[in-house]
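A look at the structure
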Amino acid sequence: VAALIGGWLVVKALSEKGPEITIYFKSAESLEAGKTKVKYKDVDIGLVTDVTFDQDFTRVRVKVQMDKEAARLVTSNTRFWVVRARVSMAAVSGIGSVFSGAYITLDPGKPGDKVQVFTGMEEPPVITSGMPGKHFVLEAETLGSLEVGAPIYFRQIRVGEVVALALAEDGSKVTAKI
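To keep things clear, this report deals only with the structure shown in the data block. As the structure is a prediction and not an experimental result, all values here were calculated from the model.

**Details of the overall build of the chain**
When you go through the chain residue by residue, the secondary structure sums to two helices and 14 strands. Considering the chain as a whole, with its 178 residues, one finds that 28% of them fall into the buried category. Excluding contacts between residues fewer than 6 apart, the proportion of contacts in the chain whose partners are at least 24 apart in sequence is 59%. Of the roughly 12200 Å² of accessible surface on the chain, 58% is carried by carbon and sulfur atoms.

What follows is the structure, encoded as structure tokens:
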């Protein structure tokens, strides 16, 4: 009887287990095995099980055990990043992680092939799937007073913001992603 119950518990545990995935990040800042969660829309869908270096010590390999229900979110189009408190001159983000700790979140994107290895993003995306909005790139000879986080107005209504600034490769102009 004990063997049957033990066998049933093992089968039940294996059937409820979701996919194990690997995410590579540049740094393991605030990621801990057994503590850091994976969340989507503030719902826990996985747990970091191991944090190690890759073979050449240039990146950090994070192994994650996903819940069975979350398996369909993990495809070739899924993007992962770490949510942690970020403070800049323009904005403060991830303030909730100060109290709860950093966590990994994802943007499932469009349906795609099932994969198990991902490269995590170092910065959160500005627009995620299902979120209305478009990206545009503006070019100018000089930066002027633009900075990341500067609002974009149309007819005195705020319709966007500057999300990134860069110098063109040849140095001839400045590009602003809005």
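**Overview of the sheet that holds strand E1 (residues 17-25)**
If you walk across this open sheet you meet the seven strands as E5-E8-E2-E3-E4-E1-E9, and the pairing is mixed. This sheet does not close on itself; its edge strands, each paired only once, are strand E5 (79-83) and strand E9 (117-119). For this sheet, the mean inter-axis angle between neighbouring strands, taken without regard to orientation, is 30 degrees.

**Here we look at the side chain of Thr 78**
For Thr 78, the position within the fold is in the loop between strand E4 (60-67) and E5. Owing to a relative accessible area of 7%, Thr 78 belongs among the buried residues under this scheme. A distance of 2.9 Å separates the side chain of Thr 78 from the backbone nitrogen of Thr 75, its partner in a polar contact. Not counting residues within four places of it along the chain, the set of residues in contact with Thr 78 comprises Leu 73, Leu 106, Asp 107, Pro 108 and Phe 118.

**Digging into the environment of Glu 161**
Tracing the backbone shows Glu 161 in strand E12 (residues 157-161). Residues Glu 161 and Ile 178 lie 17 residues apart in sequence; the distance between their C-alpha atoms is 5.6 Å. Setting aside anything within four residues of it in sequence, one finds Glu 161 in contact with Gly 149, Ala 150, Pro 151, Ile 152, Lys 177 and Ile 178. Within polar-contact distance, the side chain of Glu 161 engages the side chain of Arg 158 at 3.3 Å.

**Looking at the pairing of E5**
With respect to burial, E5 is a largely interior element, four of its five residues being buried. Two elements, E5 and strand E8 (residues 103-107), share five bridges in a ladder whose sense is antiparallel. Pairing of Val 82 across the sheet is with Ile 104, part of E8.

**Overview of the packing of aromatic side chains**
Counting across every chain of the model gives two aromatic pairs. With 5.2 Å between their ring centres and 55 degrees between their planes, Phe 53 and Phe 57 make a pair best called tilted. Taking 4.9 Å as the distance between ring centres and 65 degrees as the angle between the ring planes, the aromatic pair formed by Phe 80 and Phe 118 counts as edge-to-face. Separated by 38 residues along the polypeptide, Phe 80 in strand E5 and Phe 118 in strand E9 bring together distant segments of the chain. Judged by its relative accessible area of 0%, Phe 80 falls in the buried class. Taking the relative accessible area as the measure of exposure, Phe 118 reaches 6% and is therefore buried. Across from the ring centre of Tyr 103, 4.8 Å away, lies the NZ or CZ of Lys 39, which sits over that ring. Over the ring of Tyr 24 we find Arg 59, and its NZ or CZ is 4.0 Å from the ring centre.

How each quantity is defined
Residues numbered from 1 in each chain as written. Predicted model: local features only at pLDDT ≥ 70, side-chain atom pairs only at ≥ 80, totals over all residues. Heavy atoms only, no water. Helix = DSSP H or I, 4+ residues; strand = E, 2+ residues; numbered from the N terminus. Buried < 20%, exposed > 50% of the residue type's maximum accessible area, 1.4 Å probe, protein only. Contact = heavy atoms within 4.5 Å. Areas by Shrake-Rupley, 256 points an atom, 1.4 Å probe, with all protein chains shown as cover. Pairing = 2+ DSSP bridges. Axes fitted to C-alpha atoms, helices over the stretch in contact; angles between N-to-C directions. Polar contact = N/O pair within 3.5 Å; in protein donor to acceptor, adjacent residues only side chain to side chain. Phe/Tyr/Trp six-rings, centres within 6.5 Å; stacked < 30°, edge-to-face > 60°. Lys NZ or Arg CZ within 6 Å of the ring centre and 35° of its normal.

Everything listed is a geometric property; what it means functionally is a separate question.
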